[in-house]
Amino acid sequence: MTQAATRLDNFAQSPIRAMTQRCQAVGGVNLGQGLCQVRPPNALLDAGAREFSRVDHSYSAAQGDREFLRAVADKLNRYNGIDVEPSEQVVATIGATGAFNATLLALLNPGDGVVLIEPYYGYHMSAIRLFGLLPQPVRLSMPNFRLELEALREAVTDETRAIVVCTPVNPCGRRFTPVELANVAEVAQDRDLIVITDEIYEHIYYTDGDHLSPATVAGLEDRTLTISGLSKSYSIPGWRLGHVSGPRELIASIRVVADSLSVCAPTPLQQIACHALSLPDSYYLDLRRIYDAKRRRLTAAFAAAGVAPNDPEGTYYLFVDCSALDVPDGWAAAQVILELGGVATIPGEAFYVDAPDRPFVRACFSVPDEALDRASDGLRRISC
Ligand SMILES: Cc1ncc(COP(=O)(O)O)c(C=O)c1O
């Protein structure tokens, strides 16, 4: 009577929460959790203050508010190069998380294999496990976290039904290239797989070249579910707004599941969020500038401490190789950084099934500049 369901066997909560508690206990700087602590755009906050009493406070249609769906479709067309019919090919969801969960539940059966690129985002793995699917990790090759065709082929078995592609990648910051995505297309076509993307960091990148959505790559157009959301692009993770788009028949099933799980995404916030989706290009340039400055600051702080941060192409994380600390693994590295430097990070083990290639930690730089300054002071104390 008092026992949890068996689907929770072997299901551990992310170490992110444990690190947050340890950090609070020592009064440290928390660079562990991927909280998005940049101020939302003023234009959006002003629109919210102006319009909140006038927007619709009831349920929206299961697939989403009509204007929000149109705004998402416009953005997919303008920014991602994906053409969709808003009422039939988009579903508004409770964050990108809700989109991912509804997509897995709607399109896959228990026991189906899902190829997950390592290092992966922990919630992707949790959902795969929670829904009784079979995770099939494929590791990015070191030292540059490249997605190799052979590795991808080897991960696929007769059970495989889907490949999950997160780009830019949380935690290692890679933006997959046309060649890497063409490899995904080749395998997906050969084995008749669906591709589920997570492009939540699509506007946060530091290298040249526009964001490349897998759904625009030859061979992936008709088999890809494109997921994104407003949490990171507009710094409003608490609004819980995301979306999934793709082929009509697949979206029709996802809509049924999303309805069943949560009825709809918050209607008033969908309506107000249309103001975010119509912000000019200059907004995104500024967002990238803000993150680029924070990235450089934290990179310099880790480098001064003698450990080697990666050079992320996108996202707001550093994935730091702590080999110089002479520690056995990422857990020990995170412990040293917290004890000596007062800075909480996440051990790399949180992003792999088996031991990672190196003692990595992930550090989030979407925090106020004062927190980065305190982190820099702390990291100086561990210099090796
Ligand atoms: C890769 C990735 N996907 C999804 C999310 C969560 O998105 P949402 O707030 O839209 O559910 C995060 C948040 O850290 C993330 O890193």
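Please refer to the structure higher up on the page.
What you are looking at is a predicted structure, and each value in this text was computed from that prediction instead of being measured.

Draft legend 1. Local environment of helix α10 (residues 267-277). Along α10, 9 of the 11 residues are buried, which leaves the element largely enclosed by surrounding structure. Within the sequence span of α10, burial applies to T267, P268, L269, Q270, I272, A273, C274, A276 and L277. Buried residues in α10 make contact with α2 (42-51), α3 (66-80), β2 (90-94), β8 (241-245) and α11 (281-304).

Draft legend 2. Representation of the packing of α2 against α10 within the structure. Put simply, α2 and α10 touch, their axes get as near as 9 Å, and they point 150° apart. As far as their axial angle goes, α10 and α2 are roughly antiparallel. Between α2 and α10 the crossing geometry is right-handed. On the side of α2, the interface is formed by L44, A47, G48, R50 and E51, while α10 contributes I272, A273, H275 and A276. Here the residues of the contact of α2 with α10 sort into 5 nonpolar, 2 polar and 2 charged.

Draft legend 3. Expanded view of the site of the ligand. Around the ligand sit 13 residues in total, of which A96, T97, D198, Y201 and S231 are the nearest. T97 places a side-chain nitrogen or oxygen 2.5 Å from an oxygen atom of the ligand. Here the ligand, which alone exposes 400 Å², has 93% of that area covered by the protein. When residues of the shell around the ligand are assigned to their parent elements, the largest contribution, 3 residues, is made by helix α5 (residues 95-107).

Draft legend 4. Expanded view of the pattern of salt bridges. Enumeration over the complete set of coordinates arrives at 22 salt bridges. Here E202 makes a salt bridge to K75, at a shortest N to O gap of 2.8 Å. In this pair, E202 sits in the loop between β6 (194-198) and β7 (224-229) while K75 sits in helix α3, placing the two residues 127 residues apart along the sequence. Each member of the pair E202 and K75 is classed as buried. For R296, the salt bridge is made with D292, and the minimal N-O distance between the two is 3.2 Å. Of this pair, R296 and D292 both sit in helix α11, 4 residues apart, roughly one helical turn.

Calculation notes
- Residues numbered from 1 in each chain as written.
- Predicted model: local features only at pLDDT ≥ 70, side-chain atom pairs only at ≥ 80, totals over all residues.
- Heavy atoms only, no water.
- Buried < 20%, exposed > 50% of the residue type's maximum accessible area, 1.4 Å probe, protein only.
- Helix = DSSP H or I, 4+ residues; strand = E, 2+ residues; numbered from the N terminus.
- Contact = heavy atoms within 4.5 Å.
- Axes fitted to C-alpha atoms, helices over the stretch in contact; angles between N-to-C directions.
- Parallel < 35°, antiparallel > 145°, perpendicular 65-115°, else oblique.
- Left-handed = near helix turned anticlockwise from the far one by under 90°.
- Nonpolar A, V, L, I, M, F, W, Y, C, P; charged D, E, K, R; others polar.
- Near = heavy atom within 4 Å.
- Polar contact = N/O pair within 3.5 Å; in protein donor to acceptor, adjacent residues only side chain to side chain.
- Areas by Shrake-Rupley, 256 points an atom, 1.4 Å probe, with all protein chains shown as cover.
- Salt bridge = Lys/Arg side-chain N within 4 Å of Asp/Glu carboxyl O.

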